[in-house]
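Fold and contact review
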Amino acid sequence: MDSTCIDCDQCREIAPEVFHDAENHASVFRQPDSPALVQRALRALVTCPVGAIGSGQKYDLGPAVASFPERIQDNVYFCGFAAESSFGASSYLIVRPEGNVLVDSPRFAARLVNRIEELGGVRWMFLSHVDDIADHARFRRHFGCERIIHSRESRSAIADIEWQLEGDEAQDLGPKLGAKLGAKLGAKLGAKLGPDLLAIPTPGHTRGHTVLLYRDKFLFTGDHLWWSPVRKQLTASRAYCWYNWGKQIESMERLLDYRFEWVLPGHGRRHHASAEEMRQSLAQCVEWMRKTG
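Reading the values: the criteria
- Residues numbered from 1 in each chain as written.
- Predicted model: local features only at pLDDT ≥ 70, side-chain atom pairs only at ≥ 80, totals over all residues.
- Heavy atoms only, no water.
- Axes fitted to C-alpha atoms, helices over the stretch in contact; angles between N-to-C directions.
- Helix = DSSP H or I, 4+ residues; strand = E, 2+ residues; numbered from the N terminus.
- Parallel < 35°, antiparallel > 145°, perpendicular 65-115°, else oblique.
- Left-handed = near helix turned anticlockwise from the far one by under 90°.
- Contact = heavy atoms within 4.5 Å.
- Nonpolar A, V, L, I, M, F, W, Y, C, P; charged D, E, K, R; others polar.
- Pairing = 2+ DSSP bridges.

1. What to know about the packing of helix α9 (residues 245–254) against helix α10 (residues 275–292)
Packing of α9 against α10 brings their axes to within 10 Å, and their N-to-C directions diverge by 160°. As far as their axial angle goes, α10 and α9 are roughly antiparallel. In this structure, α9 meets α10 at a crossing whose hand is left-handed. In contact with Trp-245, Gln-248, Ile-249, Met-252 and Glu-253 of α9, α10 contributes Leu-282, Cys-285, Val-286, Trp-288, Met-289, Arg-290 and Thr-292. Of the residues in the contact of α9 with α10, the class split is eight nonpolar, two polar and two charged.

2. Focus: the sheet that holds strand β6 (residues 101–103)
Pairing is mixed across the open sheet formed by seven strands, whose spatial order is β3-β4-β5-β6-β7-β8-β9. Edge positions in the open sheet fall to β3 (70–73) and β9 (163–165), since each of these has one partner strand only. Sheet twist, expressed as the mean angle between neighbouring strand axes with direction ignored, is 25°. Sheet topology places strand β4 (residues 76–78) next to strand β5 (residues 92–94); three bridges connect them, and they run antiparallel. Its bridge partner lying in β5, Val-76 is registered against Ile-94. Sheet strands in contact with helix α5 (residues 136–143) are β6, β7 (124–126) and β8 (146–150), and its direction is about 150° off that of β8.

Purely spatial values, then, with no claim about function.
Shown next as structure tokens:
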């Protein structure tokens, strides 16, 4: 690990047995000593947004590259290939017969793009906020995907984005996505999808920050909410709140009305637990945020 590390946490998420925290940067805690650990370390190397990870031994990176997008559960995948322009944020792919959804933007890397094409390409691109849009324009040009973001985000950054959400209420995107495919097909898909994809405005980190809830199971949280392995609960950061901490607390409280089993953030650790355990941890997070308010 060299000094170009930006402490994005990707390597510690992907290969925690190999990489540890070393105060404002990552470090190699132990050398990978099994084929499985080597592959996880190589996935971290491939994902690193600044190329800070190296090796004295030459390895075939083919299997690590081909492992992305990496299936998390069901039809939800982690893209790897983080971009420096989004400070190494995670992005995800939802593979659906009605059209795939890319959640935030990975680095536009040819071999990742080829793998996404094999999985059906990208029909829509959900952008949680302007911090994590990275190479969104290149994905738009390549796949012709329609991008979705809240209109309250920085106007200069989102001026040409096709679908800009409005207001503070949660919006069921499923029927709307279906309708955009054509009147007859859209009506059929809209009825079929139901509350498949729910966009929930969560202002706080930024003015137009929005999370995406998929099937009441997967919550894509951008930079709003993540898991703290130190505190052993869901958490947020006042230091990295760019707009309004009070608004972020209110947004967090509103999420208590929703059911989910996965938190999949742009920054921070992902987490999986029962819906009830998630709600309890979220309530603890809200209480902690209020005390720090």
